[in-house]
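Given next are the chains, with one letter for each unit.
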Amino acid sequence: VALFLRVNPQTGLYHFGAEYRPVPLKQTFLGVTKRLEKPREGAKPKEGRPAKAVSQQTQMLELAFDKALAALRRGKQVMVFVHAR
């Protein structure tokens, strides 16, 4: 993650191991690889973007929301990491 975020390993990298956490962390990676052929009914694409990209983004948002909500309903905490470059 540090390399991905372009962190200087000598000055900006801190490692917080399992000894800092009372409960182990669990990571879940989600991805959407299939684009919908038709946009959802009533969906309006943003200016300059095709309707397919909006539908794929909607799929990703709904999937992430459903996973987070399911964990919260089980009494778990949720942290969502979103990268943008």
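In this report, the structure presented in the accompanying data block is examined. (Residues numbered from 1 in each chain as written. Predicted model: local features only at pLDDT ≥ 70, side-chain atom pairs only at ≥ 80, totals over all residues. Heavy atoms only, no water.)

Structural notes on a nonpolar patch on the surface
And then number 1: Together, Val1, Phe4, Leu5 and Phe81 give the surface a local cluster of nonpolar side chains, amounting to about 430 Å² of exposed area.
And then number 2: Topologically, Phe81 is positioned in the segment after helix H1 (51-73).
And then number 3: Its relative accessible area of 55% is what places Phe81 among the exposed residues. (Patch = residues over 30% accessible without salt bridge, like charges linked within 9 Å, V, L, I, M, F, W, Y side chains within 5 Å. Areas by Shrake-Rupley, 256 points an atom, 1.4 Å probe, with all protein chains shown as cover. Salt bridge = Lys/Arg side-chain N within 4 Å of Asp/Glu carboxyl O. Helix = DSSP H or I, 4+ residues; strand = E, 2+ residues; numbered from the N terminus. Buried < 20%, exposed > 50% of the residue type's maximum accessible area, 1.4 Å probe, protein only.)

Things to note about the layout of surface pockets
And then number 1: Here the largest pocket is characterised by a volume of approximately 2300 Å³.
And then number 2: Forming the walls of the largest pocket are 42 residues, and the residues nearest its centre are Gln27, Thr28, Met79, Val80 and Phe81.
And then number 3: Tallied by class, the residues present in the lining of the largest pocket amount to 27 nonpolar, nine polar and six charged. (1 Å grid on protein atoms, 1.4 Å probe; cavity = no way out; pocket = protein on both sides within 12 Å on 5 of 7 lines; lining within 4 Å. Points joined across faces, edges and corners; volume = space filled by probe spheres on them. Nonpolar A, V, L, I, M, F, W, Y, C, P; charged D, E, K, R; others polar.)

Some thoughts on the environment of Thr33
And then number 1: Mapped onto the elements, Thr33 comes out in the segment before H1.
And then number 2: Remark: the alpha-carbon pair of Thr33 and Gln56, spanning 23 residues in sequence, is separated by 8.4 Å.

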